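A look at the structure
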Amino acid sequence: MTPDEVLHGLDPEQRIVASNPLGPMCVLAGAGTGKTRAITHRIAYGVHCGAYQPQRVLAVTFTARAAGEMRTRLRGLGLDKVQARTFHAASLRQLGYFWPKVIGGAPPQIMGQKAPVIGEAGARLRLQLDRVAIRDIASEIEWAKVGMLTPETYARHAAMAGRNVADLDHIAMARLWEMYEDVKSGRHVIDFEDVLLLMAGFLVERDDVARAVREQYRHFVVDEYQDVNRVQQTLLDLWVGDRSDVCVVGDPAQTIYSFTGASPRHLREFATKHAGAQTVRLVRNYRSTPQVLQLANAVLGAAKDGGYAQLQAQSDDGPAVELHQFADDVAEASGIAQRIKTLLAQGVPPSEIAVLYRINAQSEPLEQALAEAGINYLVRGGERFFRRDEVKRAVVLLRGAARSDDGSAPLGALVRDVITAAGWSPQRPTGGALLERWQSLEALATVADDLVTANPQARLPDLIVELDRRMAEQHAPSVEGVTLASLHAAKGLEWDAVVLAGCSDGLLPLSHAEGPEAIEEERRLTYVGLTRARKHLVLTWAQARQPGGKPTRSVSRFLHAADGILDGVAPRQRSEKRSTGRGKKVERAKLVRCRTCAKDLYTAAERKIGRCSDCPPTYDEQTFEALRTWRKGVADRQRVPAFVVFTDATLIAIAERGPVDESGLVGVSGVGARKLKVYGPSVLGVLRGEPADDMIEKSCAAMESD
């Protein structure tokens, strides 16, 4: 392949990206603008014109699927030796190579889940942590680590960021994290974040390691750069060193992972950081119809932070975007199933239809409605294809059968005969788990069919080679069925038809989104969902959660920008006209406001107290100190940290509200049924002015009798 052949078929902006392989470059690529095509052709052009040695190039992205897609495209351009990996995969490979030289011996094992270690750490601190709390704590540890914090620096930075986890105050969370690290060390394991941190440490502390890595890799391409967090940026800087051959690609409008520590700041500041960097904007959208992009541009154009590029449609006109209102979630799910039936009748393949939603809890009524309608579906974002039990068993059976394949039977028939022992059958099951397993096994057989189409001489050993390649690249075969996926899981994917369910305030944006920045991220998440659609885009929302429930919901505020786009009716007007069916308007949920200055309260801690952090406390200092003395005495007697009794935020809320009976106390966030029973009488006693020592004894007696 010649350099000119590499550039053939690229649009003018893509050609600029590809034909300038040396020096720093920032590519601002909107949804559907062909960014992967641009950067893989940049690498190919660099290699074929002699600017790159293929083994000296490292392309980095964020998911195994994306890395596999990039490797596939690079192979199609004749580049088998170019490395395309995730940050973790690249770091893990380097860590495994350098660990024996730097530390000695084999590197520690990477633990699959944090939950067991967090559970043990919590038990050592005598904390009662349920499954949800452990999940949230694991996410908080990940956020802290990718931000390169430590247990010693966590509390200050978490307070500045307004972080609140599992009703633990910041000092308590720091102590739990510290204990987590102790338990992990005792087990001689590391977590996924440690892989990045340890490799960064090797590069900083060992000049020989840094020289070896920089000698191996001279040119870097980083995809989805808007999702880079602090530790990944640090690692990239250490890989690059004092050179400048780095190309980053990203879209600020698709920044949807800030809760994990990702920040678009690195993308926005790239040109400033790298002198002489070239910036190229890709805005020609080849995916979606003008109708889809008109709505997506309108939603994004109303963003408060602004500055986002408007996508330019390159495809022909398509059907109008639809907006449907339903009485409740069950009716919405049923309506979606009927709309999908219509799409199927129009010839849209089920694998080209997706139903997207904000939170996974929304999938249950959708799954039930699709099953009742006889529509096959698969839920994306769960277990990876090649890790499913039936798939692993089938692959083992195929490996064994490959030794005795004499070529007498057609490959497709032979594969189906072998995987019968794993659960495949000629009769397709009607639904449920049996259907899901059957679909996975049928997908393996379809890979064999496709292999024979490409190579009529292919046999089982060739199929095993193909499956091994797909496993390495996380290139799962297609499973026929409608896709159900959260908006986050849908990132990077696209379908002919997309149904975006739950387009109401409380879901889009999510009610838990606190503060203007969080709301704008919800807007970007909505934009990501809209731009997954190629041709058909259907939006739905329900007025109530349960059948017969009060219609308290209103259409998503993000759709107010679509005035005149959706059936010529402003969504605001539509929600007001039809919200109850009786001409009554549905009121929006009101923000909690500071009782002192009336400012909106965004963080959970401020809402719990009822006062913003800028306003002075309204509690009596003497009463608050008495409560703190009581809490410390109870914690000391029980030999637990003080936050186990009540967190600081809960104690402040009690002092400020000054409840006079248990009914007033139970209204304070953080005072559950058990704490009310054990601590309620003594807390009320402290508030009445009774001696703290007497109330400590009263609490301990209640604990013993509980």
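Residues numbered from 1 in each chain as written. Predicted model: local features only at pLDDT ≥ 70, side-chain atom pairs only at ≥ 80, totals over all residues. Heavy atoms only, no water.

**Details of the pattern of salt bridges**
Pairing is possible between side chains of opposite charge, provided their charged atoms come close. All told, the structure shown has 42 salt bridges when counted by the stated rule. Between Lys145 and Asp191 there is a salt bridge, with the nearest N and O atoms lying 2.8 Å from each other. A residue pair is termed long-range when its members are at least 10 positions apart, and Lys145 in helix H7 (residues 131-146) and Asp191 in the loop between strand E5 (189-190) and helix H10 (192-205) qualify at 46 residues. Judged by relative accessible area, Lys145 falls into the buried class, the value being 3%. With a shortest N-O distance of 2.9 Å, Lys273 and Asp237 are connected by a salt bridge. One end of the pair, Lys273, is in helix H14 (residues 270-273); the other, Asp237, is in helix H12 (residues 230-240), and 36 residues separate them in sequence. A relative accessible area of 48% means that Lys273 is categorised as partly exposed. Ionic contacts of the salt-bridge type, sharing partners, join the residues Lys145, Glu181, Lys184, Asp191 and Asp194 into one network. (Salt bridge = Lys/Arg side-chain N within 4 Å of Asp/Glu carboxyl O. Helix = DSSP H or I, 4+ residues; strand = E, 2+ residues; numbered from the N terminus. Buried < 20%, exposed > 50% of the residue type's maximum accessible area, 1.4 Å probe, protein only.)

**Considerations on the domain arrangement of the protein chain**
Split by domain assignment, the protein chain resolves into domain 1 (3-94 + 198-282), domain 2 (112-190), domain 3 (292-301 + 315-383 + 482-562), domain 4 (405-473) and domain 5 (621-704). A separation of 25 Å is found between the C-alpha centroids of domain 2 and domain 5. Counting from both sides, the interface comprises eight residues of domain 2 and, opposite them, ten residues of domain 5. At the boundary of domain 2 with domain 5, total buried surface from both sides reaches about 790 Å², with 57% on carbon and sulfur atoms. The largest contributions to the domain 2 side of the interface with domain 5 come from Arg126, Asp167 and Asp169, which together make up 56% of the buried area. Taken together, the connections running from domain 2 to domain 5 amount to zero salt bridges. At the junction of domain 2 and domain 5, the tally comes to one residue pair in polar contact (both at pLDDT 80 or more). (Domains from an automatic or database assignment. Contact = heavy atoms within 4.5 Å. Buried area = accessible area lost by both parts, 1.4 Å probe. Polar contact = N/O pair within 3.5 Å; in protein donor to acceptor, adjacent residues only side chain to side chain.)

**Describing the confidence of the model for the protein chain**
Averaged over the protein chain, the pLDDT score is 87; the fraction of residues at 70 or greater is 92%. Within the model, pLDDT remains below 50 along residues 568-590, and this stretch shows 41 contacts once partners closer than five positions in the same chain are excluded. (pLDDT = per-residue confidence, 0-100.)

**Thoughts on the UniProt feature "domain: HRDC" (unreviewed entry) in the protein chain**
Cross-referencing UniProt, the feature "domain: HRDC" (unreviewed entry) maps to residues 617-697 in the present numbering. In residues 617-697, the share of helix is 70% and the share of strand is 0%. The end C-alpha atoms are 29 Å apart. (UniProt positions renumbered as here; feature names shortened; annotations may be inferred.)

**Concerning the packing of aromatic side chains**
For the structure shown, the criterion picks out 14 aromatic pairs. With 6.2 Å between their ring centres and 85° between their planes, Tyr225 and Phe270 make a pair best called edge-to-face. With Tyr225 in the loop between strand E6 (219-222) and H12 and Phe270 in helix H14, this pair connects stretches of sequence that are 45 residues apart. Assessed through its relative accessible area of 2%, Tyr225 is described here as buried. Judged by its relative accessible area of 2%, Phe270 falls in the buried class. Among the aromatic residues, those joined into a cluster by ring pairs are Phe62, Phe87, Tyr217, Phe220 and Trp239. In this arrangement the basic side chain of Arg163 is found over the ring face of Trp143, its NZ or CZ atom lying 4.1 Å from the centre. (Phe/Tyr/Trp six-rings, centres within 6.5 Å; stacked < 30°, edge-to-face > 60°. Lys NZ or Arg CZ within 6 Å of the ring centre and 35° of its normal.)

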